Amino acid sequence: DGRPDDARRFLAEVAQVRRGLSDTELDTAGRATRPATTTLPPDQHTVVVPVAPLPMTGAARGGDTGPLRRPLRSLRRHRNRRGLIALLLVLLLAAGLSGAAWYMAAGPGSYTNAPSLLTLSQSDAKAKARNLGFTMQVIGNQFDEKMPADHVLSTDPGPNERIRKKGTIGVVLSKGPERYAVPDLRNKTEEAANKALAATNLGAGEVKRAYSDTVKKGLVISTDPPAGTRLKKAEVVGLVVSRGIQPVPVPNVVGKKIDEAQRILAKASLGAKVEEKYNDTIPAGVVISQEPTKGKAPKNSDVALVVSKGATPVPVPDVVGKSLDEARTILTAAGFEVRDFNLPGGPDRVLDQSPNGGGENKAPRGSRVTLSVF
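Described below are features of the structure shown in this document. As the structure is a prediction and not an experimental result, all values here were calculated from the model.

**Observations concerning the overall build of the chain**
Move 1: Assigned secondary structure in the chain consists of six helices and 20 strands.
Move 2: Within the chain, contacts between residues separated by at least 24 positions form 67% of all contacts whose residues are at least 6 apart in sequence.
Move 3: Here the chain displays about 23200 Å² of accessible surface, and carbon together with sulfur accounts for 53% of that area.

**Some details on the packing of aromatic side chains**
Move 1: Throughout the structure, instances matching the rule amount to zero aromatic pairs.
Move 2: Of note, arginine 162 hangs over the ring of tyrosine 111, and the distance from its end group to the ring centre comes to 3.9 Å.

**Some words on the pattern of salt bridges**
Side chains bearing opposite charge may pair, as long as their charged atoms lie close to each other.
Move 1: Inspection of the entire model under this criterion finds eight salt bridges.
Move 2: Aspartate 184 serves as the salt-bridge partner of arginine 186, at 2.9 Å between the closest nitrogen and oxygen.
Move 3: Among the residues examined, aspartate 184 registers a relative accessible area of 41% and is labelled partly exposed.
Move 4: Between arginine 209 and glutamate 190 there is a salt bridge, with the nearest N and O atoms lying 2.7 Å from each other. Placement of the pair is arginine 209 in strand 7 (residues 203–210) and glutamate 190 in helix 4 (residues 190–199), with a sequence separation of 19 residues.

**Points about a nonpolar patch on the surface**
Move 1: On the surface, Leu84, Leu87, Leu88 and Leu91 cluster together into a nonpolar patch covering about 340 Å² of accessible area.
Move 2: Looking at the element boundaries, leucine 91 is found in helix 2 (residues 70–105).
Move 3: Take leucine 91: its relative accessible area is 40%, and that puts it in the partly exposed class.

**Some words on the sheet that holds strand 7**
To summarise the sheet geometry, strands pair through backbone hydrogen bonds and adopt either a parallel or an antiparallel arrangement.
Move 1: Taking strand neighbours across the sheet as the criterion, the three strands line up as 7-10-8 in an open arrangement whose pairing is mixed. This sheet does not close on itself; its edge strands, each paired only once, are strand 7 and strand 8 (220–224). Taking the axes of each pair of neighbouring strands and ignoring which way they run, one obtains an average angle of 25° across the sheet.
Move 2: Here strand 7 runs beside strand 10 (residues 236–242); their pairing, made up of six bridges, is parallel. For lysine 208, the partnering residue across the bridge sits in strand 10 and is valine 240.

**Topic: the side chain of glutamine 353**
Move 1: Looking at where glutamine 353 falls in the secondary structure, it is placed in strand 18 (residues 350–354).
Move 2: Separated by 3.0 Å, the side chain of glutamine 353 and the backbone oxygen of proline 317 make a polar contact.
Move 3: There is a polar contact of 3.1 Å between the side chain of glutamine 353 and the backbone oxygen of proline 355.
Move 4: The contact partners of glutamine 353, leaving out residues within four places of it in the chain, are Val316, Pro317, Asp318, Val319, Val320, Val369, Thr370 and Leu371.

Here is what the cut-offs are and how they apply
Residues numbered from 1 in each chain as written. Predicted model: local features only at pLDDT ≥ 70, side-chain atom pairs only at ≥ 80, totals over all residues. Heavy atoms only, no water. Helix = DSSP H or I, 4+ residues; strand = E, 2+ residues; numbered from the N terminus. Contact = heavy atoms within 4.5 Å. Areas by Shrake-Rupley, 256 points an atom, 1.4 Å probe, with all protein chains shown as cover. Phe/Tyr/Trp six-rings, centres within 6.5 Å; stacked < 30°, edge-to-face > 60°. Lys NZ or Arg CZ within 6 Å of the ring centre and 35° of its normal. Salt bridge = Lys/Arg side-chain N within 4 Å of Asp/Glu carboxyl O. Buried < 20%, exposed > 50% of the residue type's maximum accessible area, 1.4 Å probe, protein only. Patch = residues over 30% accessible without salt bridge, like charges linked within 9 Å, V, L, I, M, F, W, Y side chains within 5 Å. Pairing = 2+ DSSP bridges. Axes fitted to C-alpha atoms, helices over the stretch in contact; angles between N-to-C directions. Polar contact = N/O pair within 3.5 Å; in protein donor to acceptor, adjacent residues only side chain to side chain.

What follows is the structure, given as structure tokens:
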């Protein structure tokens, strides 16, 4: 409470004390009878400064009534120098306090109100801050549903808040609405599709299954909404997963000629894979069997058909030179039908046969052998 209010009051009090230091009450012998005191005016803080008695030397001590001698004058000069130094220190202190007061009140260290940079684009906000003597610094980015991307969302300090002159204003820029693009999930498994959605900050929605002629069973055909659509965080994406190729009813074509069987299968969106085998009972070119025989098969898949090549080939006996009766017996026993052309007047001997017999010559069992007989 006793401290001076400001530097000027302090300086005034010091000056008062300084003046008191040069005045000393002396008796007629030239000695100090009591310490001189200095009392500041009542309106100031009272400071009583004692002044020590001046030392006396030589004749002055022994009752010399003359003026104070040299030691007293040296002491006064010493005190005057010390007072001058104190005064200079006080002046320097006052100047320092005044400079600090100016720096904080009107200089670079003074405060002012921060301007508003809200809603401005980054470039406009930077230009405005620079024109007003401030520096702008981006301190963050944040999603916002309303503020366009790259515009000022908030500042530190805020508008009209205290800031030092030529200070720095931190800004948080908007990243725009928080949206994430639906990834392309075609031909991915359900598990892989769900992981991809989670990595994109989206969720997996309803799974539907549909037949597909081009996408294998169990893989994603498409998404709902389509790939590339931008959604809010955690919104769900539906998946359409392939059930494989759509099955179709399989018609029965056993017993039909191969050409007719293929037409029937093509009409049912099926193909035919043909294999030929000999058959002693089913004519050549007729479907012996099929797989599958009934039910359904994937659309555009092949039905396996076994088609008869006719009877199994067997060696043709050589009956040339034999009698007609003997030739008939031999050929019939080998499984052939016999037909003959008999010229009258001869011994009924086989002159020729078709197909030829013997060796590697074969013909389907049950086929006809023609004989020329004379």
